[in-house]
Amino acid sequence: MSVRNDVSPDTLGIELTEDGIVVEYKDGRETFYHGVPRKVDGTLRTQPGKLVQVLVTDPTETEGVMTYVNDRDTHDDILEETGVGRVILEPGEEAELFPGVAVRSDGYAVEVEASPEIARGRVFLFEEDAMGERSFEFVEEDESANGNE
């Protein structure tokens, strides 16, 4: 397997719909993340071995940045063409993806800690593999108590 590098994300177009989230890549392609994300607050530990993608929107919720965490399959040039970023973490290592959004490597799992208030936008996490996908939205503590579980 070839070495993979960190890649800085570009601003992407975002559309939040009742049925999910549309992300428009820099190359014009789109992807759709199905379903209403489950609301969480604070820190979320993903399932080991899943592809983890973090999306942070701007305050208007029409643009955002997406970063893959520990993705070793996608070539750097593809990420650069699409505008998606990537961060590679060694076990126990931590990185700040965006103000208010930090990620840590915990074995084969990833921990994401986010504060939408500090990020000044909405923060989503998508966790997927060949078997399916799950999505989450980080909210402040009082919102998660009233959110959809």
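Residues numbered from 1 in each chain as written. Predicted model: local features only at pLDDT ≥ 70, side-chain atom pairs only at ≥ 80, totals over all residues. Heavy atoms only, no water.

Colleague: Quick question: what am I supposed to make of the packing of aromatic side chains here?
Modeller: When we look at a pair of aromatic rings, we describe it by the centre distance and by the angle of the planes. Scanning the entire structure with this criterion turns up 2 aromatic pairs. Aromatic side chains Y33 and F126 sit 3.8 Å apart centroid to centroid with 15° between the ring planes, which places their arrangement in the stacked category. With Y33 in strand β3 (residues 30-34) and F126 in strand β12 (residues 123-129), this pair connects stretches of sequence that are 93 residues apart. On the basis of relative accessible area, Y33 is assigned to the buried category, the value being 4%. Between F124 and F126 the ring centres are 6.5 Å apart and the planes differ by 10°, which places this aromatic pair in the stacked class. Residue class for F124 comes out buried when judged on its relative accessible area of 1%. For F126, a relative accessible area of 2% puts it in the buried group. An aromatic cluster is built from Y33, F124 and F126, whose rings are joined through pairwise contacts. (Phe/Tyr/Trp six-rings, centres within 6.5 Å; stacked < 30°, edge-to-face > 60°. Helix = DSSP H or I, 4+ residues; strand = E, 2+ residues; numbered from the N terminus. Buried < 20%, exposed > 50% of the residue type's maximum accessible area, 1.4 Å probe, protein only.)

Colleague: So what exactly am I meant to see when it comes to the sheet that holds strand β10 (residues 101-106) here?
Modeller: Within a sheet, each strand pairs with its neighbour through backbone hydrogen bonds, oriented either parallel or antiparallel. Sheet architecture is open: 4 strands sit in the order β5-β11-β10-β9, paired in antiparallel fashion. Pairing within the sheet leaves two strands with one partner each, and these edge strands are β5 (42-45) and β9 (94-98). Between one strand axis and the next, the sheet turns by 20° as a mean value, whatever way the strands run. Pairing of β10 with strand β11 (residues 109-114), which is carried by 6 bridges, proceeds in the antiparallel orientation. By the bridge assignment, R104 is partnered in β11 with E111. (Pairing = 2+ DSSP bridges. Axes fitted to C-alpha atoms, helices over the stretch in contact; angles between N-to-C directions.)

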